[in-house]
Structure formats: C-alpha cells, structure tokens
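Summary of structural features
Here is how the chains run, residue by residue.
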Amino acid sequence: MPLSFNPIKLFAGSGTVDLATKIAASYGKSLGDVVLSRFSDGEFQPHFNESVRGCDVFLIQSTNQPNDNLVELLLMTDAAKRASAHYITVVVPYFGLARQDRKDKPRVAIGAKLMANLITAAGAHRIMTMDLHAAQIQGFFDIPVDHLDASVIFVPHIKSLDLPNLTIASPDMGGSYRARTFAKYFNAEVVICDKQRKRANEIESMSIIGDVEGRDVVLIDDICDTARTLAKAAELIMENGANSVRAVCTHPVLSGDAYKTIENSALAEMIVTDTIAARKTSPKIKVLSTADLFSRAIANVNEHGSMSALFNID
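The rules behind these values
- In this numbering scheme, every chain counts its residues from 1 along its sequence in written order.
- Where local features are concerned, this predicted model is filtered to residues with pLDDT of at least 70; where side-chain atom pairs are given and counted, the filter is 80 or more; whole-chain, interface and lining totals use all residues.
- Side-chain metrics rest on all non-hydrogen atoms present in the structure, leaving aside hydrogens and water.
- Geometry is summarised by axes, namely lines fitted to C-alpha atoms with helices restricted to the contacting stretch, and by angles between N-to-C directions that run from 0 to 180 degrees.
- The way it works is that DSSP assigns letters per residue, a run of H or I at least four long becomes a helix, a run of E at least two long becomes a strand, and they are numbered from the N terminus.
- Should an angle fall under 35 degrees it is called roughly parallel, over 145 degrees roughly antiparallel, and 65 to 115 degrees roughly perpendicular, with every other angle called oblique.
- Two helices crossing with the near one rotated counterclockwise from the far one by less than a right angle form a left-handed crossing, whereas a clockwise rotation gives a right-handed crossing.
- Contact definition: two residues touch when any of their heavy atoms are within 4.5 Å.
- Only buried residues count toward a nonpolar core, which is a set of Ala, Val, Leu, Ile, Met, Phe, Trp, Tyr and Cys residues joined through side-chain atoms within 4.5 Å.
- Classification of residues uses two cut-offs on accessible area relative to the type maximum, computed with a 1.4 Å probe and protein chains only: under 20% is buried, over 50% is exposed, and between them is partly exposed.
- Ring pairs shown here join Phe, Tyr and Trp side chains whose ring centres sit within 6.5 Å, with only the six-membered ring taken for Trp; geometry is labelled stacked below 30 degrees between planes, edge-to-face above 60, and tilted in between.
- Pairing between two strands is assigned when DSSP locates at least 2 bridges connecting them.

Let's talk about the packing of helix α4 (residues 151–161) against helix α5 (residues 176–186)
- Contact pair α4 / α5: the axes reach a minimum separation of 11 Å and the direction vectors enclose 50°. When the axis of α4 is compared with that of α5, the two are oblique. Relative to α5, α4 is oriented so that their crossing is right-handed. Here α4 contributes Ser151, Phe154, Val155, Ile158 and Lys159 to the contact with α5, which in turn contributes Phe182, Tyr185 and Phe186.

In structure tokens, the structure reads:
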C-alpha cells in the first residue's frame with residue numbers, strides 16, 4: 001500500500017499530452033481533467049475541472065518552445081496551489097533554457113536559474129526532470145529535485161544492437177563526462193569530437209580526439225537541436241574509417257531543418273526519447289518511451305522510495 005494517504009492526481013499540460021497519457025496508463029490511472037481556455041489575443045488560462053483539495057498533484061509538462069509551455073505549467077502550478085492541493089510535483093521531462101546555466105559572456109541572463117525561481121515561486125514543492133543539460137542545475141532549486149537518468153533506457157537498447165566493435169563518442173568536449181559514463185557500461189573506448197563555434201548553432205571547425213577506424217561508433221548527447229553538430233561529427237567519424245555511426249540523444253528538440261539534416265547525414269540511426277513530442281516521423285529516428293521510468297519515479301515519490309534504485313542496469 002502507498003505510504004501517502006492523500007489522493008494522487010496526474011494532469012497534463014497541452015504540450016506533453018501524449019507522454020503524460022502513457023505515464024498515467026503505466027501508473028494505472030487516468031489523467032485528471034484540465035482544460036485550457038483561450039482569449040482572442042492569445043492569452044490562456046488553465047482550469048481544473050475536478051477538485052484537487054488535499055491531493056498530491058503531479059503536473060506533467062515539458063518546457064520546450066514555444067514559451068507558452070512554460071507559462072502554462074506555471075499557471076497550472078499556481079492554480080493547484082490556490083485550489084489547496086496538498087503537495088505539488090512538477091514533472092518536466094525536458095527542462096527548457098537549461099543551456100543558459102551560467103554567464104559565459106557579459107550581460108546575459110542565467111535562464112536556467114530564472115526557470116528554477118519561477119517554478120518555485122509558482123508553488124511547486126518538488127520537481128522531477130530528466131537529463132539536465134548540466135547536472136549542477138539541480139542546485140538552482142530550493143526544493144527537492146528528482147533527476148532521472150535516461151541511460152537506464154538507452155543502455156539496454158544499445159546492448160541489443162550487439163555492435164561488435166563499439167566505441168562511445170561525445171560530439172563536443174562538454175559532453176565527455178556523459179560519454180565516459182555510458183562507456184563504463186560496455187567497457188568501451190571513448191573518442192571526443194572537438195568543435196569550435198562561430199556562434200550558437202553554427203560550427204566553424206571540428207576534429208576527432210581518438211581512433212575510430214574499424215569501429216562501430218555511438219555518439220551520446222543530451223539535446224539535439226538543429227542536428228548540425230551530430231551530422232558533422234558523424235561525417236567526420238565515417239571519413240576517419242569507422243564501420244558505422246549512430247547517435248543517442250535524450251531530448252529531440254529538432255528545430256528548423258533538423259529532420260532533413262538527420263536523413264541526409266552519415267548517421268545509420270538516431271535513438272531519442274519522447275520527452276518532446278515529435279513533429280513528424282523519420283526512417284532514421286527511433287523513439288524510446290520514458291513513460292514507464294517516469295511512472296515508477298512518481299510511484300517512488302508517493303511511497304517515499306529510493307530514486308537511485310530505478311537506475312540499476314544489468
């Protein structure tokens with residue numbers, strides 16, 4: 001029996017309905033009834049069509065663009081607080097603005113910290129998210145953070161591919177820690193693609209640190225936005241004699257011409273999750289669901305169970 005005596009209710013933001021529906025089904029509940037009223041000027045207002053008084057409420061919404069997704073989550077959180085919810089957990093599969101985690105040049109905002117402040121000020125008691133762009137963003141919150149690790153989903157899939165000469169690669173220096181963490185599960189070597197940028201989303205040059213000749217390479221990344229970095233890395237890896245190259249990416253932002261870039265690239269396959277709803281399908285993109293992992297994490301919050309127990313990989 002759950003340790004909590006408060007009713008559990010799950011609600012979806014309009015940007016994450018598909019994933020939220022799967023999470024609720026995995027948990028064994030139906031999504032709660034919430035509607036979004038819109039005014040002619042674009043203003044909107046979420047409204048719970050059922051009581052949340054005294055309930056432990058889970059609000060599921062990724063905060064990818066457009067910014068309406070974030071504002072909707074904040075309004076839902078405030079509405080739940082004002083409706084006397086007992087405990088509010090915001091489930092943010094993809095935490096937007098996470099790339100703005102520091103001042104890397106003068107006169108810029110630290111967007112990830114502002115996001116944390118807004119979510120806390122809105123009334124959230126807890127946040128659950130997955131594969132933050134930088135793990136230290138957890139420290140931006142003054143409420144508990146459950147940081148889920150998608151490797152528990154990706155590693156079994158990579159093992160199922162049975163690649164004979166597996167090498168793990170990072171598409172940039174910043175992702176080297178993530179690549180090394182994956183490599184430990186396979187006792188595999190790690191190579192790094194060192195890139196130089198002119199500006200955001202525009203690569204000036206790239207070189208490989210390590211040997212990929214005759215190897216089956218898997219690139220590891222957390223966010224795929226335009227896909228240009230991964231496409232450039234895949235091209236360079238194949239030019240250096242690799243047998244094959246694939247990519248694993250948690251959050252498929254896939255903006256602009258990203259789908260076309262992936263389909264025209266040297267990538268044999270891109271493996272992503274459903275933290276962000278796909279705009280369309282592609283023969284090169286395989287989507288793995290995070291629903292069961294989030295469902296188990298929600299159950300552990302409710303039952304005061306260990307989160308680290310969710311990430312044991314055989």
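So, the nonpolar core
- Core analysis: the biggest nonpolar cluster contains 41 residues, and Met128, Leu148 and Ile168 have the highest contact counts within it.
- Sort the elements by how many residues they give to this core and helix α8 (residues 291–303) lands first, with six residues.
- Those residues in contact with leucine 148, other than ones at most four positions away along the chain, are Met128, Thr129, Met130, Asp131, Leu293, Phe294, Ala297, Met307 and Phe311.

Looking at the packing of aromatic side chains
- Under the definition given, this model contains two aromatic pairs.
- With 5.8 Å between their ring centres and 65° between their planes, phenylalanine 95 and phenylalanine 141 make a pair best called edge-to-face. Here the residue phenylalanine 95 occupies a position in the loop between β5 (87–92) and α3 (111–122), and phenylalanine 141 occupies one in the loop between β6 (126–130) and β7 (145–148), the gap between them amounting to 46 residues.
- Given the relative accessible area of 7%, phenylalanine 141 is considered buried.

Description of the environment of alanine 297
- By the element assignment, alanine 297 lies in helix α8.
- On the basis of relative accessibility, which here comes to 0%, the residue alanine 297 falls in the buried class.
- C-alpha of alanine 297 to C-alpha of aspartate 216: the two residues are 81 residues apart in sequence and 33 Å apart in space.
- Every residue in contact with alanine 297, bar those within four places of it in the chain, is listed here: Met128, Leu148, Met307 and Leu310.

Regarding the pairing of strand β2 (residues 34–38)
- Pairing geometry for β2 and strand β3 (residues 44–48), over five bridges, is antiparallel. Along β3, the bridge assignment pairs valine 34 with phenylalanine 48.

Some words on unusual backbone geometry
- Look at the link from glutamine 65 to proline 66: it is a cis peptide, with omega at 5°.
- In this fold, proline 66 is placed in the loop between β4 (56–60) and α2 (68–82).

Fair warning: the whole summary comes from geometry, so function is off the table for now.
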